[in-house]
Amino acid sequence: MDIGGAYGGGKAGGAFDPIAFVQRPTVILRAVCWLFAIIVFGCISSEGWREEANGKEYCIINRDGNACNYAVGIGVIAFLASMGFIAGEYLFEQMSSVKTRKHYVLADLGFSAFWSFLFFIGFCYLTNQWGKADDPPNDEGVNNVQASIVFSFFSIFTWAGCAYFAFLRFKAGVDPSFSSTYESDPSAAQQYAAYPASNDNDQFQEAPFSGQQQQQQQQRG
């Protein structure tokens, strides 16, 4: 991972290279998180519920509706967050404020670490409940539930990897040579520009009306 001038990024205003962008480890890892999230919540949403004769639905994971809802919930939020962080990676190089970059990196670190923990809890929870569940009729939905559990396990490490990259950015901090013209206060520059430039020859210029005063004195004399 390249460490740039401020929290892993260079100065703002540079040209955007789409090929280099999609090849970034952070972007690739976010895309993997996005794909795993689709599998986690998509498998449960499509085959995780069954309808009884009375028309009431139940979760095939040991008839525990919380298990299905938990998998769908963390998966959907992970899906949306992955897209948000991919957009954040694009905007990161455009952030001229060092404080804004720091806040983004801290948010990335905190959220990624927390979601890695939630996927760990989800994997343990789903595995435990699925081990107690009865086999569904005709084994319908078995592959989907197993896929959701497996990719919940994989998501632990992908989100932990995102947290690790965010930690590297935070640890890199700000390079002393890094300075952004966008960080300066433009109002200060305007104030200095409002004053006209001084001219050394101005102090040798004759004061106004001094020539007329000398002529009047000569006439009186």
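Everything numeric in this text was worked out from a predicted model, so none of it was measured.

Caption draft 1: Region of the structure containing the packing of helix α3 (residues 65-92) against helix α4 (residues 98-132). At a minimum axis separation of 11 Å, α3 and α4 run at an interaxial angle of 155°. The orientation of α3 with respect to α4, classified from their angle, is roughly antiparallel. Both α3 and α4 take part in a crossing whose hand is left-handed.

Caption draft 2: Spotlight on the nonpolar core. The biggest cluster of nonpolar side chains holds 21 residues, and the ones touching the most others in it are I74, A78, F92, Y104, W115, F119 and W159. Contributions of two or more residues to this core are made by α2 (25-47), α3, α4 and α5 (142-172). The element contributing the most residues to this core is α3, with six residues. For F119, the contacting residues outside a window of four places in its chain are V40, I74, A78, S152, S155, I156 and W159. Residues I44, Y58, C59 and C68 belong to the second largest nonpolar core, which totals 14 residues.

Caption draft 3: Layout of the packing of aromatic side chains. Summed over all chains, the structure comprises 17 aromatic pairs. On the basis of an interplanar angle of 65° and a centroid distance of 5.9 Å, the ring pair of F41 and F79 is categorised as edge-to-face. Linking F41 in helix α2 with F79 in helix α3, this pair joins segments that are 38 residues apart in sequence. Their ring planes at 65° and their centres at 6.2 Å tell us that F85 and Y104 sit as a pair that is edge-to-face. Note that F85 is positioned in helix α3 and Y104 in helix α4, a separation of 19 residues in sequence. Just as F85 is buried, Y104 falls in that class too. Each residue in the set F85, F92, Y104, F111, F114, W115 and W159 is aromatic and connected to the rest through ring pairs, giving one cluster. Against the face of Y58 rests R63, its NZ or CZ located 3.9 Å from the ring centre. Over the ring of F92 we find R101; its NZ or CZ atom is 5.1 Å from the centre of that ring.

Here is what the cut-offs are and how they apply
Residues numbered from 1 in each chain as written. Predicted model: local features only at pLDDT ≥ 70, side-chain atom pairs only at ≥ 80, totals over all residues. Heavy atoms only, no water. Axes fitted to C-alpha atoms, helices over the stretch in contact; angles between N-to-C directions. Helix = DSSP H or I, 4+ residues; strand = E, 2+ residues; numbered from the N terminus. Parallel < 35°, antiparallel > 145°, perpendicular 65-115°, else oblique. Left-handed = near helix turned anticlockwise from the far one by under 90°. Core = buried A, V, L, I, M, F, W, Y, C linked by side-chain atoms within 4.5 Å. Buried < 20%, exposed > 50% of the residue type's maximum accessible area, 1.4 Å probe, protein only. Contact = heavy atoms within 4.5 Å. Phe/Tyr/Trp six-rings, centres within 6.5 Å; stacked < 30°, edge-to-face > 60°. Lys NZ or Arg CZ within 6 Å of the ring centre and 35° of its normal.

Interpretation in functional terms is not warranted from these geometric data alone.
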